[in-house]
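# Secondary and tertiary structure notes
As a plain string of letters, each chain reads:
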Amino acid sequence: MGTVYEWPTPTRDRLGILLVVVSAVGFGTLGIFGLYAQEAALSIPTVLTFRFLLAAVLVWALLAVQGRLTVLRGRTLAIALGLGAFGYATQSGLYFLGLEYMTAGLVAIVLYTYPAFVVVLAIAAIGERATPVMLVALCLALGGVVLVTGADPDGASLIGVAIVLGAAMAYAVYITVSRALLDRVDPLVLTAYVLPAAGGTFLAIGTATGEFAVPTAPSAWLILLCIAVVATALPVVTFFAGIKYVGASRAGIISTVEPPVTVALGAALFAEPVTAATLAGGALILLGVVLLERE
């Protein structure tokens, strides 16, 4: 592993950028696989239970191979499990519910307002000072949502936007709470606890409501494996790997390729509408994200 840090900076930069782009593309497929899950009549609790539990197995296996298995205890363990059972579970549930009202591309675009909500929480909860750049970024993000909402009546709905904005808020809370924990816990280790906790939440919900079912069709299992591996485990691992080379801020900026990936895949695979207003709204949101990351 020591040779990694002896590589020339341009080589490390290219590797880091590549890893984060792979991560963004992986996360960008989530909405697409979610649509395939809808077509296969897989319920949200079923999809998210297997998404998180299968991905957790892969992350734990990676940590074991790398010799990085860590047992969390006490308050740290409670917070990690709470982040998964409530924070990440809420975000994911609302994200997939949003797919029932809007196209995958629009869901991805609206979800990417979450950095703006992180800023709002930082100002409200920990007294962080609002800078002019932050305010401009917030206005851009909100303006982008307005454009997206009115871009295409067939692709967007006020209910869908409200649901996905709820997902963005939940994700912002998840990020804000996890920040303090990441000062003393490896991000991948934290993910290893968050994933099964989130999976357990949806297993409990699905069992209580009778919506959880173990699929029997091979095609259904293929969709679930793609969601767990391609859209969850792989992007999580490559994102954290890329951060080592390009840093968190640059990684965040690079990750803004995620919504365009979803929009492009949705248009190509599901003939989802892509209008000029949709593109303009997405561009405003992503510009706001870039400004916040550079702040």
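Remember, predicted model here, so these are calculated numbers, not experimental data.

Within the fold, Glu 258 resides in helix 11 (residues 258-270). No salt bridge is formed by the buried Glu 258; the nearest opposite charge belongs to Arg 51, separated by 8.4 Å. With residues up to four places along the chain from it excluded, the contact list for Glu 258 reads Ala 24, Phe 27, Gly 28 and Tyr 112.

Bringing the packing of aromatic side chains into the picture now. Tallying each qualifying case throughout the model produces 13 aromatic pairs. Relative to Phe 270, the ring of Tyr 36 has its centre 5.0 Å away and its plane inclined at 55 degrees; by these criteria the two rings are tilted. Of this pair, Tyr 36 sits in helix 2 (residues 30-39) while Phe 270 sits in helix 11, placing them 234 residues apart in sequence. For Phe 270, a relative accessible area of 23% gives the class partly exposed. Of the aromatic side chains, those joined through ring pairs into one cluster are Phe 52, Tyr 88, Tyr 112, Tyr 114, Tyr 171, Tyr 174 and Phe 202.

Before going further, it helps to spend a moment on the confidence of the model for the chain. The predicted coordinates of low-pLDDT regions are not to be read in fine detail. Mean pLDDT for the chain: 88, with 92% of residues reaching 70 or above. The low-confidence segment residues 1-8 (pLDDT under 50) makes five contacts with residues lying over four places distant or belonging to another chain.

The gaps left among the atoms become clear once a water-sized probe is rolled over them. When its volume is computed, the second largest pocket comes out at roughly 190 Å³. Taken together, Ile 44, Pro 45, Ala 85, Phe 86, Ala 89, Thr 90, Gly 93, Thr 201, Phe 202, Ile 205 and Glu 211 form the lining of the second largest pocket. Elements with a minimum of two residues in the lining of the second largest pocket: helix 3 (44-65), helix 4 (74-98) and helix 9 (187-209). For the lining of the second largest pocket, the element with the most residues is helix 4, which contributes five residues. Along the lines of polarity and charge, the residues of the lining of the second largest pocket split into seven nonpolar, three polar and one charged.

The rules we used
Sequence order as written defines the numbering, with residues in each chain counted from 1. In keeping with the model being predicted, local features are shown solely for residues with a pLDDT of at least 70 and side-chain atom pairs are shown and tallied solely at 80 or more, while totals for entire chains, interfaces and linings include all residues. Note: side-chain values were computed over all heavy atoms of the structure, leaving out hydrogens and water. By the criteria applied, helices consist of DSSP H or I runs no shorter than four residues and strands consist of E runs no shorter than two, each listed in order from the N terminus. Only protein chains enter the accessibility calculation, which uses a 1.4 Å probe. A residue is then buried if its area is under 20% of the maximum for its type, exposed if over 50%, and partly exposed in between. When charges are counted, neither His nor the chain ends are considered; positive counts come from Lys and Arg and negative counts from Asp and Glu. Think of a salt bridge as a Lys or Arg side-chain nitrogen and an Asp or Glu carboxyl oxygen that are within 4 Å of each other. Contacts are assigned to residue pairs with any non-hydrogen atoms lying within 4.5 Å of each other. Pairing of aromatic side chains requires ring centres within 6.5 Å, counting the rings of Phe and Tyr and the six-membered ring of Trp. Pairs whose planes differ by under 30 degrees are stacked, by over 60 edge-to-face, and all others tilted. The predictor attaches a confidence to each residue, and that confidence, scored 0 to 100, is pLDDT. In this analysis a 1.4 Å probe is tested at points of a 1 Å grid over the protein atoms alone, and where it fits but cannot get out there is a cavity; an open set with protein on both sides within 12 Å along at least five of seven lines is a pocket; lining residues have an atom within 4 Å of a point. Grid points are joined across faces, edges and corners, and a volume is the space filled by probe spheres set on the points. For this scheme, ten residues count as nonpolar: Ala, Val, Leu, Ile, Met, Phe, Trp, Tyr, Cys and Pro. Four count as charged, namely Asp, Glu, Lys and Arg, and the remainder, Gly too, count as polar.

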